[in-house]
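Spelled out from the first residue to the last, the chains are:
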Amino acid sequence: MAAISKLALSTPLQSKPVTALPRRLQTLFDWAHALLITPFLLTNFTVDIFLLVLFPFARPSPKWNLNQAIRMRLVKMVLLYMSILKTADRLHLKPGRERSRFEMINPAPSNLYKGPLRFPGEVDMDPVVKPAIIGTTWTPSLPAAKPDITIALHIHGGGFTLGNGRDEDTGFLAKNFLKHMGVTHVSTPQYRLSSCPSQQNHFPAPVQDALTAYLDLIHIKKIPARQIILSGDSAGGNIVLALARYMSEYGTELGIPPPGGIALWSPWVDIHAATDLALEVKMSPHYETDYICTEFARWGAGCVLGASVTGVKVDARGPYVSPLHHPFRLLCPGHSAEGTERKEDADDIPLFIHAGECEVLVDDVREFVRLIKEGAGWKKVHLEIAKYCPHDIVLIGDKIGFEKEAAEAVKEAGAFFRRMGIISSPLKTL
(Lines give C-alpha, C1' and ligand atoms only; values in the text may rest on other atoms or scores of the structure.)
Protein backbone atom coordinates (compact mmCIF):
# COMPACT_ATOMS: atom_id res chain seq x y z
CA MET A 1 0.00 0.00 0.00
CA ALA A 2 2.73 2.41 0.89
CA ALA A 3 4.34 1.62 -2.42
CA ILE A 4 1.66 3.38 -4.27
CA SER A 5 2.61 6.63 -3.47
CA LYS A 6 5.70 6.28 -5.01
CA LEU A 7 2.95 7.70 -7.01
CA ALA A 8 4.89 9.12 -8.70
CA LEU A 9 6.02 12.47 -7.85
CA SER A 10 9.55 13.13 -8.95
CA THR A 11 11.81 15.60 -7.20
CA PRO A 12 10.33 19.11 -7.47
CA LEU A 13 11.90 21.11 -10.24
CA GLN A 14 13.36 24.47 -9.30
CA SER A 15 11.56 26.30 -12.07
CA LYS A 16 10.06 29.76 -11.99
CA PRO A 17 6.32 30.28 -12.45
CA VAL A 18 5.29 30.61 -16.07
CA THR A 19 4.64 34.22 -17.05
CA ALA A 20 2.33 35.59 -19.70
CA LEU A 21 5.15 36.61 -22.06
CA PRO A 22 6.59 33.12 -22.61
CA ARG A 23 3.10 31.80 -23.27
CA ARG A 24 2.51 34.51 -25.84
CA LEU A 25 5.82 33.78 -27.50
CA GLN A 26 4.94 30.08 -27.56
CA THR A 27 1.58 30.89 -29.14
CA LEU A 28 3.27 33.03 -31.81
CA PHE A 29 5.73 30.24 -32.50
CA ASP A 30 2.92 27.67 -32.80
CA TRP A 31 1.01 29.84 -35.27
CA ALA A 32 4.17 30.52 -37.30
CA HIS A 33 4.87 26.79 -37.38
CA ALA A 34 1.32 26.03 -38.53
CA LEU A 35 1.44 28.66 -41.28
CA LEU A 36 4.81 27.42 -42.45
CA ILE A 37 3.74 23.81 -42.88
CA THR A 38 0.23 24.54 -44.20
CA PRO A 39 1.16 24.50 -47.93
CA PHE A 40 2.79 21.09 -47.50
CA LEU A 41 -0.09 19.68 -45.44
CA LEU A 42 -2.77 20.92 -47.82
CA THR A 43 -0.90 19.59 -50.83
CA ASN A 44 -0.40 16.24 -49.17
CA PHE A 45 -4.06 16.15 -48.10
CA THR A 46 -5.31 16.96 -51.61
CA VAL A 47 -3.14 14.28 -53.18
CA ASP A 48 -4.28 11.73 -50.60
CA ILE A 49 -7.97 12.47 -51.23
CA PHE A 50 -7.41 12.25 -54.99
CA LEU A 51 -5.77 8.84 -54.59
CA LEU A 52 -8.48 7.60 -52.23
CA VAL A 53 -11.19 8.49 -54.73
CA LEU A 54 -9.51 7.06 -57.83
CA PHE A 55 -7.74 4.04 -56.37
CA PRO A 56 -9.53 2.04 -53.64
CA PHE A 57 -6.39 -0.06 -53.13
CA ALA A 58 -4.62 3.12 -51.95
CA ARG A 59 -6.81 3.35 -48.86
CA PRO A 60 -5.02 2.63 -45.56
CA SER A 61 -7.29 -0.36 -45.03
CA PRO A 62 -8.74 -2.23 -48.00
CA LYS A 63 -11.90 -2.86 -45.97
CA TRP A 64 -12.69 0.84 -45.55
CA ASN A 65 -15.22 2.44 -47.84
CA LEU A 66 -14.57 5.83 -49.42
CA ASN A 67 -16.55 7.69 -46.77
CA GLN A 68 -14.49 6.16 -43.96
CA ALA A 69 -11.17 6.76 -45.72
CA ILE A 70 -11.88 10.43 -46.42
CA ARG A 71 -13.24 11.13 -42.93
CA MET A 72 -10.26 9.44 -41.28
CA ARG A 73 -7.85 11.51 -43.35
CA LEU A 74 -9.72 14.72 -42.54
CA VAL A 75 -9.87 14.01 -38.79
CA LYS A 76 -6.16 13.24 -38.73
CA MET A 77 -5.30 16.58 -40.32
CA VAL A 78 -7.66 18.54 -38.04
CA LEU A 79 -6.21 16.82 -34.97
CA LEU A 80 -2.70 17.68 -36.13
CA TYR A 81 -3.58 21.38 -36.45
CA MET A 82 -5.30 21.41 -33.06
CA SER A 83 -2.22 19.83 -31.50
CA ILE A 84 0.20 22.30 -33.09
CA LEU A 85 -1.92 25.31 -32.14
CA LYS A 86 -2.91 23.75 -28.80
CA THR A 87 -6.56 24.49 -29.46
CA ALA A 88 -8.05 23.07 -26.28
CA ASP A 89 -11.73 23.05 -25.32
CA ARG A 90 -12.89 25.72 -22.88
CA LEU A 91 -15.22 24.51 -20.18
CA HIS A 92 -18.00 26.21 -18.23
CA LEU A 93 -20.54 25.10 -15.66
CA LYS A 94 -23.63 26.66 -17.25
CA PRO A 95 -26.49 24.25 -18.10
CA GLY A 96 -26.32 25.01 -21.81
CA ARG A 97 -28.58 23.16 -24.18
CA GLU A 98 -28.52 20.13 -21.88
CA ARG A 99 -30.65 22.24 -19.48
CA SER A 100 -32.07 20.12 -16.67
CA ARG A 101 -29.92 17.16 -17.69
CA PHE A 102 -26.77 19.05 -16.68
CA GLU A 103 -25.91 18.85 -12.99
CA MET A 104 -23.22 20.45 -10.87
CA ILE A 105 -21.47 18.22 -8.33
CA ASN A 106 -19.59 19.37 -5.26
CA PRO A 107 -16.39 17.61 -4.14
CA ALA A 108 -16.62 14.98 -1.42
CA PRO A 109 -15.01 15.55 2.00
CA SER A 110 -11.28 16.21 1.60
CA ASN A 111 -10.25 13.13 3.59
CA LEU A 112 -11.47 10.93 0.72
CA TYR A 113 -8.79 12.36 -1.59
CA LYS A 114 -5.52 11.06 -0.19
CA GLY A 115 -2.24 9.51 -1.24
CA PRO A 116 -1.88 9.90 -5.01
CA LEU A 117 -4.93 12.17 -5.16
CA ARG A 118 -3.17 14.77 -3.02
CA PHE A 119 -0.70 16.88 -4.99
CA PRO A 120 1.96 17.43 -3.77
CA GLY A 121 1.71 14.32 -1.64
CA GLU A 122 3.24 15.61 1.58
CA VAL A 123 0.64 15.55 4.38
CA ASP A 124 1.81 18.82 5.88
CA MET A 125 1.50 20.74 2.62
CA ASP A 126 -1.59 22.44 1.27
CA PRO A 127 -2.47 20.55 -1.92
CA VAL A 128 -1.74 22.46 -5.13
CA VAL A 129 -4.26 20.47 -7.15
CA LYS A 130 -7.46 20.43 -5.14
CA PRO A 131 -10.83 18.75 -5.81
CA ALA A 132 -13.22 21.16 -7.52
CA ILE A 133 -16.86 21.55 -8.48
CA ILE A 134 -17.58 19.68 -11.70
CA GLY A 135 -20.54 19.24 -14.01
CA THR A 136 -22.06 16.14 -15.55
CA THR A 137 -24.57 15.47 -18.31
CA TRP A 138 -27.25 12.83 -17.78
CA THR A 139 -28.88 10.80 -20.55
CA PRO A 140 -31.83 10.45 -20.79
CA SER A 141 -32.41 12.23 -17.44
CA LEU A 142 -31.24 12.37 -13.83
CA PRO A 143 -31.90 9.04 -12.10
CA ALA A 144 -33.82 8.13 -9.00
CA ALA A 145 -32.45 5.47 -6.65
CA LYS A 146 -34.36 2.39 -7.77
CA PRO A 147 -33.44 -1.29 -7.63
CA ASP A 148 -33.88 -1.79 -11.39
CA ILE A 149 -31.55 0.90 -12.74
CA THR A 150 -28.01 0.50 -14.04
CA ILE A 151 -25.82 3.56 -14.53
CA ALA A 152 -22.85 3.91 -16.84
CA LEU A 153 -20.51 6.53 -15.39
CA HIS A 154 -18.45 7.32 -18.46
CA ILE A 155 -15.22 9.34 -18.46
CA HIS A 156 -14.67 10.77 -21.94
CA GLY A 157 -11.44 10.73 -23.91
CA GLY A 158 -9.67 13.53 -25.73
CA GLY A 159 -6.05 13.29 -24.67
CA PHE A 160 -6.71 15.28 -21.47
CA THR A 161 -7.10 18.37 -23.69
CA LEU A 162 -10.41 17.97 -25.53
CA GLY A 163 -14.01 17.08 -24.66
CA ASN A 164 -16.66 18.22 -22.21
CA GLY A 165 -18.99 15.27 -21.62
CA ARG A 166 -21.93 17.17 -23.13
CA ASP A 167 -24.19 16.07 -25.98
CA GLU A 168 -21.88 17.50 -28.64
CA ASP A 169 -19.06 15.39 -27.25
CA THR A 170 -20.53 12.18 -25.83
CA GLY A 171 -24.10 12.23 -27.15
CA PHE A 172 -23.43 9.52 -29.75
CA LEU A 173 -21.81 7.31 -27.11
CA ALA A 174 -24.57 7.84 -24.53
CA LYS A 175 -27.34 6.93 -26.96
CA ASN A 176 -25.46 3.80 -27.98
CA PHE A 177 -25.03 2.79 -24.35
CA LEU A 178 -28.75 3.14 -23.71
CA LYS A 179 -29.78 1.36 -26.87
CA HIS A 180 -27.19 -1.38 -27.20
CA MET A 181 -25.61 -1.97 -23.77
CA GLY A 182 -28.80 -2.01 -21.74
CA VAL A 183 -27.96 0.54 -19.06
CA THR A 184 -30.83 2.80 -17.99
CA HIS A 185 -28.81 6.00 -17.43
CA VAL A 186 -25.52 7.46 -18.60
CA SER A 187 -23.55 10.11 -16.71
CA THR A 188 -20.70 11.82 -18.57
CA PRO A 189 -18.74 14.11 -16.22
CA GLN A 190 -17.11 17.30 -17.42
CA TYR A 191 -13.79 16.83 -15.66
CA ARG A 192 -11.07 19.46 -15.65
CA LEU A 193 -8.92 19.38 -18.79
CA SER A 194 -5.18 19.59 -18.28
CA SER A 195 -4.57 21.84 -21.27
CA CYS A 196 -4.99 25.31 -19.73
CA PRO A 197 -1.49 26.64 -18.95
CA SER A 198 -2.79 29.15 -16.41
CA GLN A 199 -4.59 26.57 -14.25
CA GLN A 200 -3.33 23.68 -12.16
CA ASN A 201 -5.44 20.97 -13.81
CA HIS A 202 -2.76 18.37 -14.40
CA PHE A 203 -2.72 15.00 -12.64
CA PRO A 204 -4.39 14.21 -10.29
CA ALA A 205 -7.17 16.71 -11.20
CA PRO A 206 -8.92 14.44 -13.76
CA VAL A 207 -8.85 11.48 -11.34
CA GLN A 208 -10.07 13.66 -8.47
CA ASP A 209 -13.03 14.69 -10.64
CA ALA A 210 -13.81 11.10 -11.63
CA LEU A 211 -13.80 10.16 -7.93
CA THR A 212 -16.06 13.14 -7.17
CA ALA A 213 -18.59 11.91 -9.74
CA TYR A 214 -18.44 8.33 -8.43
CA LEU A 215 -18.83 9.35 -4.78
CA ASP A 216 -21.80 11.53 -5.71
CA LEU A 217 -23.55 8.45 -7.10
CA ILE A 218 -22.97 6.19 -4.12
CA HIS A 219 -23.08 8.71 -1.24
CA ILE A 220 -25.44 11.47 -2.40
CA LYS A 221 -27.73 9.69 -4.85
CA LYS A 222 -27.57 6.42 -2.90
CA ILE A 223 -27.00 4.29 -5.99
CA PRO A 224 -25.60 0.89 -4.98
CA ALA A 225 -22.09 0.46 -6.39
CA ARG A 226 -23.05 -2.88 -7.94
CA GLN A 227 -25.50 -0.98 -10.20
CA ILE A 228 -22.73 1.20 -11.63
CA ILE A 229 -20.55 0.42 -14.63
CA LEU A 230 -17.43 2.59 -14.64
CA SER A 231 -16.51 3.32 -18.24
CA GLY A 232 -13.86 5.34 -20.06
CA ASP A 233 -12.48 5.79 -23.56
CA SER A 234 -8.88 6.60 -24.53
CA ALA A 235 -7.55 9.12 -21.97
CA GLY A 236 -10.80 8.55 -20.07
CA GLY A 237 -9.86 4.87 -19.90
CA ASN A 238 -6.57 5.91 -18.31
CA ILE A 239 -8.49 7.95 -15.71
CA VAL A 240 -10.82 5.01 -15.00
CA LEU A 241 -7.85 2.70 -14.43
CA ALA A 242 -6.33 5.23 -12.02
CA LEU A 243 -9.63 5.40 -10.14
CA ALA A 244 -9.88 1.60 -10.08
CA ARG A 245 -6.34 1.39 -8.67
CA TYR A 246 -7.24 3.99 -6.03
CA MET A 247 -10.23 1.85 -5.00
CA SER A 248 -8.07 -1.27 -4.84
CA GLU A 249 -5.58 0.46 -2.53
CA TYR A 250 -7.79 2.82 -0.52
CA GLY A 251 -11.34 1.62 -1.05
CA THR A 252 -11.64 -0.50 2.08
CA GLU A 253 -9.99 2.13 4.27
CA LEU A 254 -12.18 4.97 2.97
CA GLY A 255 -15.41 3.01 2.57
CA ILE A 256 -15.48 3.32 -1.22
CA PRO A 257 -16.98 0.14 -2.74
CA PRO A 258 -15.91 -0.89 -6.25
CA PRO A 259 -18.37 -0.65 -9.17
CA GLY A 260 -20.30 -3.57 -10.56
CA GLY A 261 -18.15 -3.59 -13.68
CA ILE A 262 -15.62 -1.65 -15.73
CA ALA A 263 -15.59 -0.96 -19.48
CA LEU A 264 -12.54 0.43 -21.27
CA TRP A 265 -12.55 1.61 -24.88
CA SER A 266 -9.16 2.02 -26.59
CA PRO A 267 -7.61 2.86 -23.21
CA TRP A 268 -4.38 4.88 -23.13
CA VAL A 269 -2.32 2.68 -20.83
CA ASP A 270 1.21 4.04 -21.38
CA ILE A 271 1.50 7.82 -21.22
CA HIS A 272 5.23 7.45 -20.71
CA ALA A 273 5.62 6.27 -24.30
CA ALA A 274 4.38 9.63 -25.58
CA THR A 275 7.11 11.43 -23.63
CA ASP A 276 9.93 9.25 -24.93
CA LEU A 277 11.41 10.79 -28.07
CA ALA A 278 12.68 7.37 -29.13
CA LEU A 279 9.13 5.95 -29.14
CA GLU A 280 7.70 7.78 -32.14
CA VAL A 281 3.99 7.17 -32.81
CA LYS A 282 4.81 7.07 -36.51
CA MET A 283 6.86 3.94 -35.85
CA SER A 284 3.67 2.02 -35.08
CA PRO A 285 2.68 -0.46 -37.81
CA HIS A 286 -0.84 0.93 -37.44
CA TYR A 287 0.03 4.61 -37.86
CA GLU A 288 -1.40 4.82 -41.37
CA THR A 289 -4.69 3.25 -40.31
CA ASP A 290 -5.33 5.56 -37.36
CA TYR A 291 -5.95 9.27 -36.87
CA ILE A 292 -3.76 9.64 -33.77
CA CYS A 293 -0.59 11.63 -34.50
CA THR A 294 2.62 12.15 -32.55
CA GLU A 295 1.86 15.80 -31.85
CA PHE A 296 -1.48 15.01 -30.22
CA ALA A 297 -0.04 12.29 -27.99
CA ARG A 298 2.82 14.51 -26.82
CA TRP A 299 0.55 17.50 -26.23
CA GLY A 300 -1.81 15.46 -24.06
CA ALA A 301 0.98 13.72 -22.15
CA GLY A 302 2.77 16.99 -21.45
CA CYS A 303 -0.42 18.63 -20.19
CA VAL A 304 -1.48 15.90 -17.78
CA LEU A 305 2.03 15.45 -16.39
CA GLY A 306 2.25 19.15 -15.51
CA ALA A 307 5.37 21.05 -14.36
CA SER A 308 4.72 24.18 -16.42
CA VAL A 309 2.72 25.86 -13.65
CA THR A 310 3.62 24.17 -10.36
CA GLY A 311 7.25 23.32 -11.05
CA VAL A 312 6.52 19.76 -9.89
CA LYS A 313 6.30 17.03 -12.46
CA VAL A 314 4.48 13.73 -12.26
CA ASP A 315 6.47 10.59 -13.03
CA ALA A 316 5.33 9.46 -16.49
CA ARG A 317 5.98 5.82 -15.59
CA GLY A 318 4.06 5.95 -12.32
CA PRO A 319 1.28 3.42 -11.60
CA TYR A 320 -1.49 6.02 -11.69
CA VAL A 321 -0.35 7.39 -15.06
CA SER A 322 1.04 4.44 -17.03
CA PRO A 323 -0.72 1.31 -15.75
CA LEU A 324 0.87 -0.81 -18.48
CA HIS A 325 4.00 -0.93 -16.32
CA HIS A 326 2.12 -1.67 -13.08
CA PRO A 327 -0.51 -4.41 -13.48
CA PHE A 328 -3.04 -4.66 -10.69
CA ARG A 329 -6.37 -6.25 -9.81
CA LEU A 330 -9.62 -4.83 -8.45
CA LEU A 331 -11.63 -7.12 -6.21
CA CYS A 332 -15.12 -6.96 -4.81
CA PRO A 333 -15.02 -8.08 -1.16
CA GLY A 334 -17.06 -11.11 -0.23
CA HIS A 335 -19.43 -11.03 2.74
CA SER A 336 -20.48 -13.47 5.41
CA ALA A 337 -24.09 -14.23 6.25
CA GLU A 338 -23.84 -11.55 8.95
CA GLY A 339 -22.76 -8.94 6.37
CA THR A 340 -19.10 -8.62 7.42
CA GLU A 341 -16.40 -8.57 4.72
CA ARG A 342 -14.56 -11.81 3.98
CA LYS A 343 -11.35 -11.36 2.00
CA GLU A 344 -11.20 -15.05 1.20
CA ASP A 345 -14.50 -14.74 -0.70
CA ALA A 346 -13.43 -11.68 -2.72
CA ASP A 347 -14.07 -11.84 -6.46
CA ASP A 348 -12.83 -9.98 -9.51
CA ILE A 349 -14.70 -6.97 -10.84
CA PRO A 350 -15.76 -7.84 -14.42
CA LEU A 351 -13.62 -5.89 -16.90
CA PHE A 352 -14.52 -5.40 -20.57
CA ILE A 353 -11.87 -3.93 -22.87
CA HIS A 354 -12.36 -2.94 -26.51
CA ALA A 355 -9.81 -1.77 -29.07
CA GLY A 356 -9.58 -1.37 -32.81
CA GLU A 357 -7.40 -3.70 -34.87
CA CYS A 358 -6.05 -0.73 -36.82
CA GLU A 359 -5.26 1.68 -33.98
CA VAL A 360 -1.82 2.66 -32.71
CA LEU A 361 -2.65 1.62 -29.13
CA VAL A 362 -3.83 -1.90 -29.91
CA ASP A 363 -0.52 -3.61 -29.09
CA ASP A 364 -0.30 -1.80 -25.75
CA VAL A 365 -3.87 -2.84 -24.96
CA ARG A 366 -3.14 -6.47 -25.76
CA GLU A 367 -0.03 -6.40 -23.56
CA PHE A 368 -1.91 -4.71 -20.73
CA VAL A 369 -4.59 -7.42 -20.79
CA ARG A 370 -1.93 -10.13 -20.77
CA LEU A 371 -0.17 -8.56 -17.78
CA ILE A 372 -3.24 -8.01 -15.61
CA LYS A 373 -4.41 -11.57 -16.30
CA GLU A 374 -1.10 -13.41 -15.96
CA GLY A 375 0.76 -11.07 -13.63
CA ALA A 376 -1.98 -9.66 -11.41
CA GLY A 377 -4.45 -12.56 -11.64
CA TRP A 378 -7.43 -10.51 -12.87
CA LYS A 379 -9.61 -13.33 -14.21
CA LYS A 380 -12.90 -11.77 -15.30
CA VAL A 381 -11.44 -9.89 -18.25
CA HIS A 382 -12.85 -9.88 -21.77
CA LEU A 383 -10.85 -8.32 -24.62
CA GLU A 384 -12.62 -7.50 -27.87
CA ILE A 385 -10.56 -6.41 -30.90
CA ALA A 386 -12.71 -4.93 -33.67
CA LYS A 387 -11.48 -5.81 -37.15
CA TYR A 388 -10.44 -2.95 -39.45
CA CYS A 389 -11.34 -0.32 -36.83
CA PRO A 390 -9.25 2.70 -35.71
CA HIS A 391 -8.96 4.30 -32.29
CA ASP A 392 -11.96 5.02 -30.06
CA ILE A 393 -14.88 4.31 -32.38
CA VAL A 394 -17.27 4.29 -29.41
CA LEU A 395 -16.72 8.05 -28.95
CA ILE A 396 -16.35 9.37 -32.51
CA GLY A 397 -17.69 6.56 -34.67
CA ASP A 398 -20.34 8.89 -36.08
CA LYS A 399 -17.67 11.37 -37.16
CA ILE A 400 -15.42 8.89 -38.95
CA GLY A 401 -18.01 6.61 -40.54
CA PHE A 402 -17.85 3.71 -38.05
CA GLU A 403 -21.36 3.96 -36.58
CA LYS A 404 -22.22 0.28 -37.14
CA GLU A 405 -18.93 -0.90 -35.70
CA ALA A 406 -19.43 1.29 -32.63
CA ALA A 407 -22.89 -0.17 -32.08
CA GLU A 408 -21.50 -3.70 -32.34
CA ALA A 409 -18.79 -2.88 -29.82
CA VAL A 410 -21.34 -1.64 -27.29
CA LYS A 411 -23.50 -4.72 -27.89
CA GLU A 412 -20.51 -6.92 -27.06
CA ALA A 413 -20.04 -5.04 -23.81
CA GLY A 414 -23.72 -5.44 -22.96
CA ALA A 415 -23.56 -9.16 -23.63
CA PHE A 416 -20.51 -9.50 -21.38
CA PHE A 417 -22.09 -7.62 -18.48
CA ARG A 418 -25.27 -9.68 -18.84
CA ARG A 419 -23.23 -12.85 -18.54
CA MET A 420 -21.66 -11.37 -15.42
CA GLY A 421 -25.12 -10.61 -13.99
CA ILE A 422 -24.61 -6.84 -13.87
CA ILE A 423 -27.16 -5.81 -16.49
CA SER A 424 -30.62 -7.34 -16.56
CA SER A 425 -32.79 -4.64 -18.15
CA PRO A 426 -33.98 -5.19 -21.76
CA LEU A 427 -32.47 -3.19 -24.58
CA LYS A 428 -34.23 0.05 -25.43
CA THR A 429 -35.52 1.19 -28.79
CA LEU A 430 -34.58 4.83 -29.27
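Residues numbered from 1 in each chain as written. Predicted model: local features only at pLDDT ≥ 70, side-chain atom pairs only at ≥ 80, totals over all residues. Heavy atoms only, no water.

## Quick word on the overall build of the protein
The condition is simple: Secondary structure elements follow DSSP: runs of H or I no shorter than four residues count as helices, runs of E no shorter than two count as strands, and numbering proceeds from the N terminus. Partly exposed residues are those whose accessible area sits between 20% and 50% of the maximum for their type, while under 20% is buried and over 50% is exposed, using a 1.4 Å probe and protein chains only. Here, two residues are considered to be in contact whenever any of their heavy atoms come within 4.5 Å of each other. Under the convention used here, a 1.4 Å probe and the Shrake-Rupley method define accessible areas, while residue burial counts only the protein chains that appear.
In terms of helices and strands, the protein carries ten helices and ten strands. Considering the protein as a whole, with its 430 residues, one finds that 54% of them fall into the buried category. The contacts of the protein with a sequence gap of at least 6 include a subset with a gap of at least 24, amounting to 80%. Roughly 19200 Å² of accessible area belongs to the protein as shown, and the carbon and sulfur atoms make up 59% of that amount.

## Comments concerning the environment of Ala-145
Counting through the fold element by element, Ala-145 comes out in the loop between strand 2 (134-139) and strand 3 (151-155). A relative accessible area of 52% means that Ala-145 is categorised as exposed. Taking the C-alpha atoms as reference points, Ala-145 and Lys-221, separated by 76 residues in sequence, lie 6.6 Å from one another. Residues contacting Ala-145, with those up to four places away along its chain left out, are Lys-221, Lys-222 and Ile-223.

## Quick look at the packing of helix 2 (residues 66-85) against helix 9 (residues 393-400)
Note the cut-off: Between the N-to-C directions of two axes lies an angle of 0 to 180 degrees, each axis being a line fitted to C-alpha atoms and, for a helix, fitted only over the stretch in contact. An angle counts as roughly parallel when it lies under 35 degrees, as roughly antiparallel when it exceeds 145, as roughly perpendicular when it falls between 65 and 115, and as oblique in every other case. Residues were grouped as follows: Ala, Val, Leu, Ile, Met, Phe, Trp, Tyr, Cys and Pro as nonpolar; Asp, Glu, Lys and Arg as charged; and all remaining residues, including Gly, as polar.
Contact geometry of helix 2 with helix 9 gives a least axis separation of 9 Å together with a crossing angle of 110°. Our classification of the angle between helix 2 and helix 9 gives roughly perpendicular. On the side of helix 2, the interface is formed by Gln-68, Arg-71, Met-72 and Val-75, while helix 9 contributes Asp-398, Lys-399 and Ile-400. Each residue belonging to the contact of helix 2 with helix 9 can be placed in one class, and the counts come to three nonpolar, one polar and three charged.

## Things to note about the pairing of strand 2
To keep things clear, this is the line we draw: Whether two strands pair depends on DSSP finding at least two bridges between them.
Among the six residues that make up strand 2, six are buried, leaving the element largely enclosed by the rest of the structure. Across the two faces of strand 2 the burial is the same, with Ile-134, Thr-136 and Trp-138 and Gly-135, Thr-137 and Thr-139 all buried. Relative to strand 2, strand 1 (residues 102-105) is paired through four bridges, and the arrangement is antiparallel. Across the sheet, Glu-103 pairs through a bridge with Thr-136, a residue of strand 2. The sheet contact formed by strand 2 and strand 4 (residues 185-190) spans five bridges and is antiparallel. Looking at the pairing, Thr-137 lines up with Thr-188 of strand 4.

## Examining the environment of Asp-315
Rules: Distance and chemistry together define a polar contact, namely a pair of N or O atoms within 3.5 Å, with one atom able to donate a hydrogen and the other to accept it when in protein, and with adjacent residues in sequence counting only for side-chain atoms on both sides.
Mapped onto the elements of the fold, Asp-315 is located in the loop between helix 7 (294-305) and strand 7 (331-335). Between the C-alpha atom of Asp-315 and that of His-272, which follows or precedes it by 43 residues, the distance is 8.4 Å. Within polar-contact distance, the side chain of Asp-315 engages the backbone nitrogen of Arg-317 at 3.0 Å.

## As for the pattern of salt bridges
Inclusion rule: Should a side-chain nitrogen of Lys or Arg be within 4 Å of a carboxyl oxygen of Asp or Glu, the pair is scored as a salt bridge.
Counting across every chain of the model gives 15 salt bridges. The partner of Glu-103 in a salt bridge is Lys-221, and the shortest N-O contact between them spans 2.8 Å. In this pair, Glu-103 is assigned in strand 1 and Lys-221 in the loop between helix 4 (205-220) and strand 5 (228-233), connecting sequence segments 118 residues apart. Residue Lys-221 is classed as buried on the basis of its relative accessible area of 16%. With a shortest N-O distance of 2.7 Å, Arg-370 and Glu-367 are connected by a salt bridge. With Arg-370 and Glu-367 both in helix 8 (residues 362-374) and three residues apart, this pair spans about one turn of that helix. Residue classification places Arg-370 among the partly exposed residues on the basis of a relative accessible area of 36%. With relative accessibility at 30%, the residue Glu-367 sits in the partly exposed group. Through salt bridges with shared partners, a single network forms among Glu-103, Asp-216 and Lys-221.

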